[in-house]
Amino acid sequence: MHAPANGLVDLACDLASVREAQARWSETPIRNRLRFVRNLRHAMAENAEALAAIGNRPIAEKLMSEVLPLIEACRWLTRQAQHVLATQKFGGRLRPLWLHGASFEVRRKALGIVLVIGPGNYPLFLPAVQSLHALVAGNAVLLKPAPGTRAIALRFADLARTAGLDSALLTILPEETDASYDAIDRGVDKVIFTGSSANGRKVLAALAQTNTPAITELSGEDAVIVLADADVDLVVNALRFGFRLNDGATCIASRRLVLEESIASRLLSRLSTEERARLEIHRAGDRESVVRLANANAHGLGASIFSRDIPAARAIATRLRTGFVTINDLIVPTADPRMPFGGIKASGFGTTRGAEGLLEMTHPHVIALRCGRRRPHFEKARAADAKLFTAFIKATHGHRGQRAMSLWHLLGAIWARRKDRHLHS
């Protein structure tokens, strides 16, 4: 469904039909929901070059950075979504003693209507993957494209409809910023926003009025960490790739360079004045300084480490306060459909993609079943119960030296409770 480009005049009426369609969709078995994703994957493969031709970036670059990762995400969903969203059942294993006879199941329920606010830098891949995760989980989607990107959003929606998706489940909104706030005011159940930190704060302020949850993928100030033993040629090629890809308009592109002092002159001499000007450059005297400088930033989206010493690189990676770290590579591994993607600090919160991103499109719904007839917790509390519970806690959770004595106290407390119940029955 395509909202008119000049406003959302009829969206209030349309949202009622969207919710009706979503209610039916959420009750559809997931294997049936995945049929359109499988068909969409094939359709996008057949129309790959035409998709990449929409917009003004080089076709080869768009095929590599948007179309191919999106098609791979479709394949991951068709193979893994049913497993990720499957109902989990919990019986006696690790069950607390006081819940004897109880069993549980955790189902993943769709949220309802998800508003996807897309970015201008990757107008196909990012909002389309987020929309597909939401749809597969049983939601309906309102997709608000960034200014100048509505054409690719409409083409994606057309392919999804041709692949078998009910058009009421995917609405393409106008490009204007007000379209997002209008949709929020009319009522959505979750928002996925990708964009700048400043605009993200404005969206969150609007969502606070209705307690609507959100996932935000915001700005990055990613560090490239170069250790003393790094392959300088590899680092130079990586940095130039980051500058070149999408003209540098990638949230996880390199913005800072953290160098061990002994390699700094060799590396910097290989970069042009213009290239050096595109980075803040930090020199570190030791590994502790490397970590401190890399973490000394308000953002926490990603980072990259270059070193021949893989154990050392891994050790540093575990200490970085970011959502994603690549070792001896840049940007591309973040598009793996199996991997969750998201930042911390000023780079946002929540996760998209991978199993974690798919679960973000649902809420857990727990059903507990109690078998047998006894429900001692239904009985009115008595004075003796305090000793009973104290003894039980010490017998089951105290250190080993206390447990034997606490067990005797527990048996005594049980006897006292039975005697008290008999006297008052």
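The structure presented is a predicted model; accordingly, all values stated were derived computationally and were not measured.

The rules we used
Residues numbered from 1 in each chain as written. Predicted model: local features only at pLDDT ≥ 70, side-chain atom pairs only at ≥ 80, totals over all residues. Heavy atoms only, no water. Helix = DSSP H or I, 4+ residues; strand = E, 2+ residues; numbered from the N terminus. Buried < 20%, exposed > 50% of the residue type's maximum accessible area, 1.4 Å probe, protein only. Contact = heavy atoms within 4.5 Å. Phe/Tyr/Trp six-rings, centres within 6.5 Å; stacked < 30°, edge-to-face > 60°. Lys NZ or Arg CZ within 6 Å of the ring centre and 35° of its normal. Polar contact = N/O pair within 3.5 Å; in protein donor to acceptor, adjacent residues only side chain to side chain. Lys, Arg positive; Asp, Glu negative; His and termini not counted. Salt bridge = Lys/Arg side-chain N within 4 Å of Asp/Glu carboxyl O. Pairing = 2+ DSSP bridges. Axes fitted to C-alpha atoms, helices over the stretch in contact; angles between N-to-C directions. Expected span 1.5 Å × (residues − 1).

**Q** I tried to follow the environment of G187 on my own but got confused; where do I start?
**A** The topology assignment puts G187 in the loop between α7 (177–186) and β6 (190–194). The exposure class of G187 is partly exposed, given its relative accessible area of 22%. Placed 119 residues apart in sequence, G187 and L68 show a C-alpha to C-alpha distance of 34 Å. With residues near it in sequence (within four places) discarded, G187 still touches L15 and R19.

**Q** So what exactly am I meant to see when it comes to the packing of aromatic side chains here?
**A** Think of a pair of aromatic rings as described by two things: how far the centres are apart, and how the planes are tilted against each other in angle. For the structure on display, the rule yields 2 aromatic pairs. When the ring of F324 is compared with that of F341, the centres are 6.4 Å apart and the planes differ by 45°; the resulting orientation is tilted. Of the two residues, F324 is situated in strand β13 (residues 324–327) and F341 in the loop between β13 and β14 (344–345); the sequence distance between them amounts to 17 residues. Across the pair, exposure class does not vary: F324 and F341 are buried alike. A cation sits over an aromatic face here: R353 above F341, 4.5 Å from the ring centre.

**Q** How should the side chain of N246 be read in this particular structure?
**A** Within the secondary structure layout, N246 lies in the loop between α9 (232–244) and β9 (254–260). The exposure class assigned to N246 is buried, which follows from its relative accessible area of 8%. A polar atom in the side chain of N246 sits 2.8 Å from the backbone oxygen of A249. The contacts of N246, once residues within four sequence positions are left out, are R57, E61, N121 and Y122.

**Q** Help me understand the side chain of R150, please; the structure alone is not making it clear to me.
**A** Of note, R150 is situated in helix α6 (residues 150–162). Buried R150, no salt bridge; nearest opposite-charge side chain is E175, N-O distance 5.9 Å. At 3.4 Å, the side chain of R150 and the backbone oxygen of I172 are in polar contact.

**Q** I would appreciate a short explanation of the pairing of strand β2 (residues 102–110) in the present structure.
**A** The two faces of a sheet get side chains in turn, since along a regular strand they alternate between them. Here 3 bridges tie strand β1 (residues 88–90) to β2, and the two strands are oriented antiparallel to one another. Within β2, the position partnered with Q88 by the bridge is V106.

**Q** What exactly am I supposed to notice about the sheet that holds strand β15 (residues 348–349) here?
**A** To summarise the sheet geometry, strands pair through backbone hydrogen bonds and adopt either a parallel or an antiparallel arrangement. Here 6 strands make up an open sheet; going across it, the order is β5-β4-β3-β6-β7-β15 and the pairing mixed. Edge positions in the open sheet fall to β5 (170–172) and β15, since each of these has one partner strand only. Pairing of strand β7 (residues 214–217) with β15 involves 2 bridges; the strand directions are antiparallel. The partner of T216 across the bridge, within β15, is F349. Against the sheet, α6 contacts β4 (140–144) and β5, and its axis sits at roughly 155° relative to β5.

**Q** I tried to follow the environment of G92 on my own but got confused; where do I start?
**A** Tracing the backbone through its elements, the reader meets G92 in the loop between β1 and β2. For G92, a relative accessible area of 47% translates into the label partly exposed. Between the alpha carbons of G92 and A52 there is a distance of 53 Å; along the sequence they are 40 residues apart.

**Q** Looking at this structure, how should I read helix α8 (residues 197–208)?
**A** Every α-helix winds through 3.6 residues per turn, so residues three or four apart in the chain are directed the same way. Between the first and last C-alpha of α8 there are 16 Å, a value that for 12 residues agrees with the 16 Å anticipated at 1.5 Å per step. Where α8 is concerned, the buried positions are S197, G200, V203, A206 and L207. Against the buried residues of α8 lie β3 (113–117), α7, β6, β7 and β11 (299–300).

**Q** What is the right way to read the sheet that holds strand β8 (residues 222–226) from this model?
**A** Taken together, 5 strands build an open sheet; the order of strands is β10-β9-β8-β12-β13 and the sheet is parallel. The outermost strands of the open sheet, each flanked by one partner alone, are β10 (280–284) and β13. Strand after strand, the sheet turns through a mean of 20° between neighbouring axes, direction not considered. Looking at chain direction, strand β12 (residues 302–306) and β13 are connected through 4 bridges and run parallel. Residue pairing across strands places S304 opposite T326, the latter belonging to β13. Helix-sheet contacts for helix α13 (residues 310–317) involve β8, β12 and β13, and the interaxial angle to β13 is about 170°.

**Q** Looking at this model, I keep getting lost on the pattern of salt bridges. Mind explaining?
**A** Here the idea is simple: oppositely charged side chains can pair when their charged atoms come close. All chains considered together, the criterion is met by 14 salt bridges. Measuring nitrogen to oxygen at the nearest pair gives 2.8 Å for the salt bridge that ties E105 to R107. R107 sits in the partly exposed class, given a relative accessible area of 35%. Here R240 and E275 are joined by a salt bridge, their closest N and O atoms 2.8 Å apart. Here E275 lies in helix α11 (residues 273–277) and R240 lies in helix α9, a separation of 35 residues in the sequence. Overall, the relative accessible area of 31% leaves R240 in the partly exposed class.

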